[in-house]
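A look at the structure
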Amino acid sequence: MLLKSVKRFFLNRYLLFLAGLYLYAWLTDPLIELTKGILRMEVPFLLYTYYCLNILTRESRWRPLLAAIPLATLYWIHDYYFMRFFRIPKLNDLVQIPELVGVLGFGGNLTLIVILLLVVALIVYSIRYSMKGLVSAIPVLLVVVAPFAYPAKYVELYSWLSIEVIHYANVVNVEYNGRFVTALYNEAKRRDTLSHISQYRDIDKLALKLPQSLEQPDKANGKNVHLIVVEGFLDPNLLTQVPVSVKPTHPDFTRLIGTKQGFSISPVFGGYTAQAEFEILCGVPAFQEFDEIEFNVLSGAPTYCLPGILQRLGYRTTASNGFKPDFFNTMPAYRSLGFDISYFAKEYTPTLETYLSKGPDQDNKYFFDKDLYEQNLTFVKQMLAGKKPFFNYLLTVYGHFPFNYDNRMGPPLFKLPELSWDLERIFNQHYYRSQALAGYLQQLLALDPNSLIVLVSDHLPPLQGGFGAYESLGYLDQNLPDRFHRNRFFVFREGQAEVHDIFYHFNIYRLILDYVTKNEYCKTMKCNMGYPIDKETLRNDYRIIMGLGSRHQVKSN
């Protein structure tokens with residue numbers, strides 16, 4: 001009797017369903033994530049839905065399996081989409097089905113059609129209508145309908161039930177909270193945002209919009225622009241209270257840069273690189289009015305930002321990103337901004353065109369600067385052979401928290417027990433990173449001496465203790481406003497270094513457009529390059545840029 005009870009318990013269909021769900025999650029996500037929001041939302045929702053499907057499925061020995069097939073199919077479609085397009089699918093991506101059909105080819109489409117038809121046939125064959133089944137399904141229907149009927153309430157409930165909502169990476173949100181509930185959350189978030197943002201789509205009201213007379217290829221000087229955004233580039237020389245005499249900037253960098261260094265004000269401290277990117281490339285502050293990360297709202301629909309403007313001025317616009325395309329919704333965001341093409345390491349995008357590869361020797365998930373720079377230089381040589389001027393945008397990722405050493409970097413040179421572990425790592429990384437950056441700049445200046453080269457750090461790296469750590473280390477003068485948002489900023493105009501004492505990230509946009517248009521941009525648009533600036537004067541332009549870029553996605557990479 002006891003043996004039968006034990007057997008009945010372990011062979012219970014619901015326990016087996018949970019075991020299968022956990023096994024699949026374990027194979028596709030880090031095991032630790034199973035202790036997070038997935039237990040609060042996804043597992044109860046799936047288990048109850050499975051219960052309803054059992055009631056709605058006719059009695060047979062295959063009933064437990066047939067009831068699981070619809071859920072398993074949706075999981076499979078979700079994960080196939082992610083593997084194919086390197087982003088978490090959203091419900092509004094259904095508008096891309098015609099494009100997906102075109103991408104898959106005959107064999108892929110045939111396989112997909114056969115699988116879907118088989119699933120539909122099994123559902124039609126197995127379904128059994130009953131009042132009990134229909135009544136039991138009401139809670140499931142309410143959960144599914146809620147994001148469409150009450151999006152703001154659903155977002156609020158999701159945030160409350162989740163241990164943490166991750167704004168910088170939708171893929172991590174899925175790992176933490178589950179596939180289905182996150183898909184519903186993304187739709188609710190999209191609808192809630194659109195209810196506020198859809199009124200801002202009149203490009204004629206955009207003060208930043210260039211007059212048609214200036215937005216012509218013959219108004220541009222035809223010279224190339226290189227914009228390099230460097231991850232967490234902390235200048236140790238600015239830490240006046242560091243209790244060591246070592247200043248680990250490489251001599252090559254010191255000789256090249258000297259005192260030709262300024263500062264640019266980043267919108268963020270310690271993280272959220274996409275916020276810095278948005279300001280640099282769109283010329284407006286990252287107000288976070290519609291989302292914590294502006295890139296999350298951009299759908300791929302064109303908006304009015306620097307890469308798109310340069311396109312209209314006859315430039316080829318390329319983005320080379322050292323990290324994963326699914327972080328910060330980067331691929332759709334780059335399309336919205338106007339890049340012709342975006343490149344990521346082939347290790348992250350094996351089916352997409354790219355010239356970047358981390359290579360087999362990197363034991364750190366973050367692309368080492370020197371390797372990234374060398375590959376970009378090879379790419380620049382190829383573009384120089386073309387006839388069109390180009391905009392070479394490069395985003396580095398090495399030096400990201402937790403500042404791990406990489407065998408490509410070289411051995412740690414400084415053992416500094418006086419410093420915290422994170423600052424010691426940053427000191428060691430800075431030596432090799434400044435060396436790599438100096439080498440890159442020297443070669444870039446030699447390859448393309450008549451270009452504009454702009455380098456800026458996205459934000460200060462996070463340290464233990466946050467602002468307090470920088471305070472105790474004496475980062476800049478304590479009376480300076482925006483002290484912990486000031487980042488190193490370098491400009492080389494046609495081979496000559498120039499200094500901008502204090503700048504805003506969003507004014508890099510104006511600096512570049514003024515250069516490209518032979519100083520006509522700032523004459524026409526009356527640029528305010530000073531400090532401080534009343535950011536509120538740019539809020540309406542921010543809203544229009546976000547409104548234009550949040551429309552239905554019209555094109556996919």
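Every value quoted in this text rests on a predicted model; they were computed, and no experiment measured them.

**Comments concerning the overall build of the chain**
Secondary structure summary: the chain contains 21 helices and nine strands in total. By element, 61% of the accessible surface of the chain is carried by carbon and sulfur atoms, the whole surface being about 25100 Å².

**Topic: the environment of Arg-539**
On the secondary structure map, Arg-539 appears in helix H21 (residues 539–549). A C-alpha to C-alpha distance of 7.6 Å links Arg-539 and Val-284, two positions 255 residues apart in sequence. Apart from residues lying up to four places away in sequence, Arg-539 is in contact with Phe-287 and Glu-289.

**Some words on helix H17 (residues 421–447)**
In this model, H17 (27 residues) spans 39 Å end to end at C-alpha, consistent with the 39 Å of a helix rising 1.5 Å per residue. At His-430, H17 shows its strongest bend, of approximately 25°.

**Structural notes on unusual backbone geometry**
Looking along the chain, the bond that leaves Tyr-531 and enters Pro-532 is cis, with omega of 0°. Structurally, Pro-532 can be placed in the loop between helix H20 (520–525) and H21. The residue Lys-518 is not glycine, and still its phi comes out positive at about 60°. Mapped onto the elements of the fold, Lys-518 is located in the loop between helix H19 (508–516) and H20. Lys-518 gets classed as partly exposed once you look at its relative accessible area, which sits at 44%. Phi is positive for Asn-519, which is not a glycine, with a value near 70°. By the secondary structure assignment, Asn-519 is in the loop between H19 and H20. Using a relative accessible area of 42% as the deciding quantity, one classes Asn-519 as partly exposed.

**Concerning the state of the cysteines**
Scanning all chains against the criterion turns up two disulfides. Covalently, Cys-522 is tied to Cys-527 through a disulfide, its sulfur atoms 2.2 Å apart. Classification of the bridge connecting Cys-522 and Cys-527 rests on its S-S torsion, roughly -95°, and on that basis the disulfide is left-handed. Judged by relative accessible area, Cys-527 falls into the partly exposed class, the value being 22%. If one numbers only the bonded cysteines of the chain, in the order they occur, the disulfide pattern is 1-2, 3-4.

**A word on the pattern of salt bridges**
Taken as a whole, this structure holds 13 salt bridges when the rule is applied. The salt bridge partner of Asp-252 is Arg-255, with a shortest N-O separation of 2.4 Å. Taken as a pair, Asp-252 and Arg-255 lie in helix H11 (residues 251–257) at a separation of three residues, close to a single helical turn. For Asp-252, a relative accessible area of 25% corresponds to the partly exposed category. As a salt-bridge pair, Arg-483 and Glu-471 come within 3.1 Å of each other at their nearest N and O atoms. A residue pair is termed long-range when its members are at least 10 positions apart, and Arg-483 in the loop between helix H18 (467–473) and strand E7 (486–493) and Glu-471 in helix H18 qualify at twelve residues. In this structure Glu-471 comes out as partly exposed when scored by relative accessible area, which is 38%.

Conventions used here
- Residues numbered from 1 in each chain as written.
- Predicted model: local features only at pLDDT ≥ 70, side-chain atom pairs only at ≥ 80, totals over all residues.
- Heavy atoms only, no water.
- Helix = DSSP H or I, 4+ residues; strand = E, 2+ residues; numbered from the N terminus.
- Areas by Shrake-Rupley, 256 points an atom, 1.4 Å probe, with all protein chains shown as cover.
- Contact = heavy atoms within 4.5 Å.
- Expected span 1.5 Å × (residues − 1).
- Bend = angle between axes of the 7 residues up to and from the residue.
- Buried < 20%, exposed > 50% of the residue type's maximum accessible area, 1.4 Å probe, protein only.
- Disulfide = S-S within 2.5 Å.
- Salt bridge = Lys/Arg side-chain N within 4 Å of Asp/Glu carboxyl O.

Fair warning: the whole summary comes from geometry, so function is off the table for now.
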